[in-house]
Structures are given as C-alpha cells and as structure tokens.
Number of protein chains: 2
Amino acid sequence: MGKYSILDKVKPEVRSINSYTLREYDYEIKINQNENPYDVPEQIKREILDFALERSWSRYPPFDPVELREELAAYTGWNPEGILAGNGSNEIIQCVLEIILYPGRKLILPSPTFTVYKLIGTVLGGTVQEVPLKSDLTFDCDAIEAEMADSGDVIILCSPNNPTGCMYPQDRLVRLLEQNPGTVVIVDEAYYEFSKETVAGLLGTYENLIVFRTFSKAFSLAGLRVGYGLMNPALAREVNKAKLPYNINFFSIAAAIKLLQNRDILSGKIDELIAEREALYTAMNTINGVTVYPSRSNFMIFETPYDPEIIFRELLKDGLLVRNVSSYPMLSKALRVSVSIPDDNRRFITSLVRIMGELETSE
Amino acid sequence: MGKYSILDKVKPEVRSINSYTLREYDYEIKINQNENPYDVPEQIKREILDFALERSWSRYPPFDPVELREELAAYTGWNPEGILAGNGSNEIIQCVLEIILYPGRKLILPSPTFTVYKLIGTVLGGTVQEVPLKSDLTFDCDAIEAEMADSGDVIILCSPNNPTGCMYPQDRLVRLLEQNPGTVVIVDEAYYEFSKETVAGLLGTYENLIVFRTFSKAFSLAGLRVGYGLMNPALAREVNKAKLPYNINFFSIAAAIKLLQNRDILSGKIDELIAEREALYTAMNTINGVTVYPSRSNFMIFETPYDPEIIFRELLKDGLLVRNVSSYPMLSKALRVSVSIPDDNRRFITSLVRIMGELETSE
C-alpha cells in the first residue's frame, strides 16, 4: 500500500480485533453449534414453500412485520408494541447496543459467555468489562452487582449461558433490576425452550429489562435467522430507529409465523431433547476422568485431564464434530457438546468412553 | 415512568431522530419502491424451492458464503476476497460506517439522497454533512470536492442517485479518489443494471473506493434482501469484523446464486425496462405543466405546479401508488414514479394527463 493506507481510517479498536475464522471439518454427526437435530416437519416446510411460490420475490417484505409480532405476542404474552424481530436475535442486540454505547460507556458481560456480545460492543467503541464466572462455572451474582453499581451502562446475561449452561437466578435478577433502574439489563434467553424458565414476566414491572429469544434453537430455524427482543414499548421505538428497514426477508417471516402457529407439533421433540440432555449428563458423569457441568440448555461442557484438541480429534475420528471451547477464559480443559437424537448421543458416549480408556492406558 | 426513565440512557442523537413510519394504501399498481415489476421466473423459483425442501432448516447457513462470493466475483470481475454480502447492501454499508464513524468523524452525503445513509450515520454518532445537489438536480461535484478536502472521513455517492436518478461523473469520481486517498469513498450502484455504467473498474487502482450493489432491483429479489460490497480485500477483512456471523439465511443465499447463474434470462426484461423508462420520460415530457428529470435508473422524479399530495391522491384514485418525495430537500414539488410493465406505464400516463388537465381547468 502507498503513502496513505485506507486502513488508517479504521477505528483502532476494530483493527485490534482478531478476525474470526471457522475451520471446516468432515463429520457425520454435527453436535458443535447447539442446533436442533430435528428439521422442520416436511408438511410445514411444504406449506411455507407453497406460499413462497405464489408470493412475488421482487416485492419488499412488509415494512412492519405486524403478523409476526402478533404471533410472538401470543406466544410470549408480551405487548406486540414492545416486540422487535431481526435476523437472529444478534441483529436486535446490536441495535440495542448501538443506541446506548459510545466511547466511555460500559458494557458488562459475564465471562465466558457468547462471544458476539463483546465483538459488537468493541466495534461500537464501548468499554467491555468482563466479570468471571465462579469456579463452579455459575454466575457470580455478587461480583456482577458490585460492577453494575460501580459503572454499568448495559449488561447482557445469557441465561442459560452459552457455553456453560448455567441460569441467572431470578431473585438476583430482580435485585439487579431494582438496584440499577437507569441501566439496561439484557437477558438473552436463546435456549429458553430447553430451560422452560423465563424472566419475561418481569417486563411489565421493570422498564430497564430486555429479553431476547431466537428461532435458531428449539424452533429448528437456524438456517433462516430469526430472533426477537421483548422490551418496554417506548424503548422499542428507540431501538427500532437503529434497525435497518426491511431487515427480515419475507421467507423467514413466513416460516417463523408458520412455526409459531404449529408450535404444539414441536414440543414433543423439545421434551425429548431435554430428556436426552439429562441422560447424556448422567452417562458422561459415569465416565472416569470426565467432569461434566449441569446445563439447562441443549448443550453442555465437559472437561478431561487431557488436551481438549486431542479429545476433539479423537471424537472426529468417530465422525463426531463437537466444539473445542478451550480458548474461552476458565475453560482451558473444556469442550462443548450439543444434545442430539438418541442414536447420536449414544455414539458420542461410546466414542468418549473409548477415547478416555485409551488415553488412560497410554499414560 | 418513574424517577429514572430508561430512555435517559439512549444516546441523544438517537432520541432526536423521528421514528420512520410508512402508511399503507390500497392500490392496483405499485410504482413507489423502485421494485422490478417482473417476478423471478417460475422455473428458477421452483429450483430454489426444491433445494429448500431438501436442505435442513435447523442448520446454520455457511459461515462464509464462498459460493455466493465466487459467483459475485464472476459477475463483477472483482476479487472474491474483497466481496462481502449482506441482508441488502444496507447491512454492509452499516458495517463500513460502524468501523469508521464515531463522534467527531464526518460522513458527507449529497442531498437529497437515499435516507438510510443519514439515519445510520446519525445513530453511530457521526457528524452528517450534507451537500445540496445543483438546481438541475445533478451532483455538485465542486462543492463535494471542497467539502471532502475540508473534513470528510467517508462519503456515500448513490449513483444513479435515489431519488433523482443522476450519475456521478466518472472523471470527477477519479479526482475525488485521487485527492482524498485517506478517505473512504462509497459508490452505491444499487441501480447499476439500469444505468449500465459502473465504477467497479477503478477498484484495482483506488484502495479507498467501495462499490455497493443489490439484488433488490434488477435481480427481482427485494423480498429476499441480498446486497453486496466490492472493496480492497484488506479493508474487507476489517469490515467483516462488524458483520454479524451467519448474517444471510440459506434461502436468500441460494436464490442469489441461482439468479447469478441465470442472469442471461433476466437481461431481456432489464432492457425492456430501460426502453420503457425512456418512453415514459418522453411521454411525461409532453404533458403540459409536468417537469420530468432524466434518470439512469428504473424510476424518475417529476414536478408539477400543484401540491404533490393532490397529485399523489389523484393517482391513487386511479389505482396507482407512487412516492410523494416532497419532504426531501429541494423536492417540495416532486413525486417519484418507478418504471413498470408497459401497461402500467400507459395507465400512469393516462392518469397523469387526466389529473393535469382537470387541475388546469379548475384554476
């Protein structure tokens, strides 16, 4: 590059971020992204595809996806005027941070948690203050309360937390909301349908609370990218100003509406996955050398005495793609596995038993 | 609200923005959003829908849409490493502004232009400096060069410009790029396929140039929201850090790829729309009292001596929904009409002739 590099115009906090890249692997069983192993039922897919065939693709989506917001209101019990939908909940989380953060303002995050929060906060020029989990990998509510009282402008609590699966206790959340009425408290309930515990009931009482949900997990729509936020309607009007017009395409809107209308069909599979999670936890717990952490989500983390990269490679030899999360703070020995169909889970247990046995023998 | 209002936490520049709302109207002919009147051909739709039936919806889209970037490289002649795709080009424009703007930095915009640029720049806390068009509604290149030399950090030139249809002359763009090597110069070619003139050939020479395109206009995909940016690969790596992971859903990616592969099928319709644009311009030019501005896009603006709201309402009586753009700077007498199929255009001309005749008589 010449005398002037256009990269000099890029904000230094952006330059300092390492580019995120994802390696591709060959696998038979994909248990690395907390996806739902069950596809949308074929009959529902066909109904959405029939609609798509008739609808003109050259026309913009609705300016305001009213029908989706109303179905979401029926599902969540919250006011449709306080509901915003996006391309995954990430998009609306980004909008919230955009209208609040600027250099000097502080985003508080437990650590480790979902990495995208920190990324967005950093790009927006905010200060990111991380509060470590406790050694048992649950939230350190005392430390979070102290940090918030000191200097928080906005906090994001992923509950159940990705990648650890822990929940933020509701009584401690109430304290946080009460003690910090001028601070935005975001609870990301991406895995709510697997925990069956929500704080959405507090929205009517606390105008500083925002709850996020997604269709990417329990609703089997990761491929179509739909999420939503629930918040005070006055705050929603402000967040909406940061949302790009026509943000969600007509196809994803139609799919989300159809799935909400057919949500009873999905609930059996969700219950099966919850039961499988418990069975998987129990089975892993019996494997010598494996430490597994309880989870309220559709994934869990486990530790072994060995290099997680070795465990990852050995599982991959058996066709199982998990997530090596050892680069996260506090998780240097850990991997994350998503709960899948019973056959996949059995194969995972069989493989892990083999690997642990072989590694123990070779010592 | 109580003692603390959570709205106090919202950035003042966001509070000051008026919420954008869109009124709904009944119409027969929609010529208000510069959409392509021709839907994607049914055979192409069916191929995409067949793919969607087979593909699992519960799995995330590709982390990096390599196949789409490679098809875009073949179409544009630009390096795939310097191509980023988003939910409409707006999303990637937002990413570019996110990595550059902060309070004190300046976004330069011709005025009037596409309103979303100013909205994004304001939310991000940048200073927006508008440079009026000349009285003939073409770009004031001298004024833009002066403003850039003075204080620009980034500029967006929509060319052809929405809503006026004018092009930024390529020789003046070269001067702008040469004189401001440390400033990001964005050219939004959303309507390129209708102007058939691009500055993408300058990308290899000027690392400060970014060119945007969209599938929402000529490619008939407004409903699926796909756009892209072409830029220096090193700059693309930085912009990519502001892009949310898995931003485009699998269905929109598949549709964009399929349309690029079948682009020859679309070109006949594009040529027809260009011919219709010229015919529409000529016909409007003959109507007494109507001033129409030449356009290189698939829309044009026209002025009459009457209140634009009256013209808008009278056209709507005949089933024609146009866009009243009179709230834009310099356009207090103007409306914008999209070029449609020949029948629609004829109906528009007939209606406008009637309205102008009646208004003249009633004076």
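So, how was this worked out
Residues numbered from 1 in each chain as written. Chains lettered and ligands numbered in written order. Predicted model: local features only at pLDDT ≥ 70, side-chain atom pairs only at ≥ 80, totals over all residues. Heavy atoms only, no water. Helix = DSSP H or I, 4+ residues; strand = E, 2+ residues; numbered from the N terminus. Polar contact = N/O pair within 3.5 Å; in protein donor to acceptor, adjacent residues only side chain to side chain. Contact = heavy atoms within 4.5 Å. Phe/Tyr/Trp six-rings, centres within 6.5 Å; stacked < 30°, edge-to-face > 60°. Buried < 20%, exposed > 50% of the residue type's maximum accessible area, 1.4 Å probe, protein only. Lys NZ or Arg CZ within 6 Å of the ring centre and 35° of its normal. Core = buried A, V, L, I, M, F, W, Y, C linked by side-chain atoms within 4.5 Å. Domains from an automatic or database assignment. Buried area = accessible area lost by both parts, 1.4 Å probe. Salt bridge = Lys/Arg side-chain N within 4 Å of Asp/Glu carboxyl O. Pairing = 2+ DSSP bridges. Axes fitted to C-alpha atoms, helices over the stretch in contact; angles between N-to-C directions.

## Section: the side chain of N247 of chain A
Phase 1 of the analysis: The residue N247 of chain A is located in the loop between α9 (233–240) and α10 (250–261) in this model.
Phase 2 of the analysis: A polar contact is formed between the side chain of N247 of chain A and the backbone oxygen of A85 of chain A, at a distance of 3.1 Å.
Phase 3 of the analysis: What N247 of chain A contacts, discounting residues up to four positions off in sequence, is A85, G86, N87, E91 and I92 of chain A together with N87 of chain B.

## Re the packing of aromatic side chains
Phase 1 of the analysis: In the structure shown here, the tally under the stated rule is 29 aromatic pairs over all chains.
Phase 2 of the analysis: On the numbers, 5.6 Å between centres and 65 degrees between planes, the contact of W57 of chain A with F251 of chain B is edge-to-face. On the criterion of chain membership, the pair formed by W57 of chain A in the loop between α2 (42–54) and α3 (66–76) and F251 of chain B in helix α10 (residues 250–261) is interchain, its members lying in two chains.
Phase 3 of the analysis: By relative accessible area, which is 0% here, F251 of chain B ends up buried.
Phase 4 of the analysis: Between W57 of chain B and F250 of chain B, the aromatic rings sit 6.4 Å apart at their centres with planes inclined by 45 degrees, giving tilted as the arrangement. Highlighted residues: W57 of chain B in the loop between α2 (42–54) and α3 (66–76) and F250 of chain B in helix α10, separated in sequence by 193 residues.
Phase 5 of the analysis: With relative accessibility at 0%, the residue W57 of chain B sits in the buried group.
Phase 6 of the analysis: According to the relative accessible area criterion, F250 of chain B is buried, its value standing at 3%.
Phase 7 of the analysis: One aromatic cluster in this structure is built from F51, W57, F250 and F251 of chain A together with F51, W57, F250 and F251 of chain B.
Phase 8 of the analysis: Taking the ring centre of Y38 of chain B as reference, the NZ or CZ of K269 of chain B above it sits at 4.4 Å.
Phase 9 of the analysis: The ring of F299 of chain B carries the charged tip of R336 of chain B above its face, separated from the ring centre by 5.7 Å.

## Some details on the nonpolar core
Phase 1 of the analysis: Ranked by size, the top nonpolar core spans 125 residues in total, and within it W57, L173 and F251 of chain A together with W57, L173 and F251 of chain B carry the most contacts.
Phase 2 of the analysis: Ranked by the residues each element gives to this core, the list is headed by α10 of chain B, at nine residues.
Phase 3 of the analysis: Core analysis: the next-biggest nonpolar cluster, separate from the first, contains 70 residues, L84 and L97 of chain A together with V10 and L101 of chain B among them.

## Quick word on the domain arrangement of chain A
Residue and element names in this part refer to chain A.
Phase 1 of the analysis: Along its sequence, chain A is carved into domain 1 (6–38 + 264–361) and domain 2 (42–263).
Phase 2 of the analysis: Contact with domain 1, which involves 32 residues of that partner, is made by 37 residues of domain 2.
Phase 3 of the analysis: For the pair domain 1 and domain 2, the summed buried surface comes to about 2,700 Å²; carbon and sulfur atoms form 62% of the total.
Phase 4 of the analysis: Broken down residue by residue, the surface that domain 1 buries against domain 2 is led by L266, R296 and M330, which jointly contribute 24%.
Phase 5 of the analysis: Linking domain 1 to domain 2 there are two salt bridges.
Phase 6 of the analysis: Salt-bridge contacts for E197 lead to R296; the nearest nitrogen and oxygen are separated by 3.1 Å.
Phase 7 of the analysis: For the pair domain 1 and domain 2, the interface holds 17 residue pairs in polar contact (both at pLDDT 80 or more).
Phase 8 of the analysis: Mapped onto the side of domain 1 that touches domain 2, the elements with two or more residues apiece are α1 (12–15), α11 (263–285) and β10 (299–303).

## Here we look at the sheet that holds strand β13 (residues 334–338) of chain B
All names here are of chain B.
Phase 1 of the analysis: Taken in spatial order, the four strands line up as β9-β10-β13-β12 in an open sheet, and their pairing is antiparallel. Each of the sheet's edge strands pairs with one partner strand only, and the pair in question is β9 (291–292) and β12 (323–324).
Phase 2 of the analysis: Bridge count between strand β10 (residues 299–303) and β13: five bridges; the pairing is antiparallel. When the sheet's bridge partners are listed, E303 is paired in β13 with A334.
Phase 3 of the analysis: Lying on the sheet, helix α12 (residues 308–317) is in contact with β10, β12 and β13; it crosses β13 at an angle near 30 degrees.

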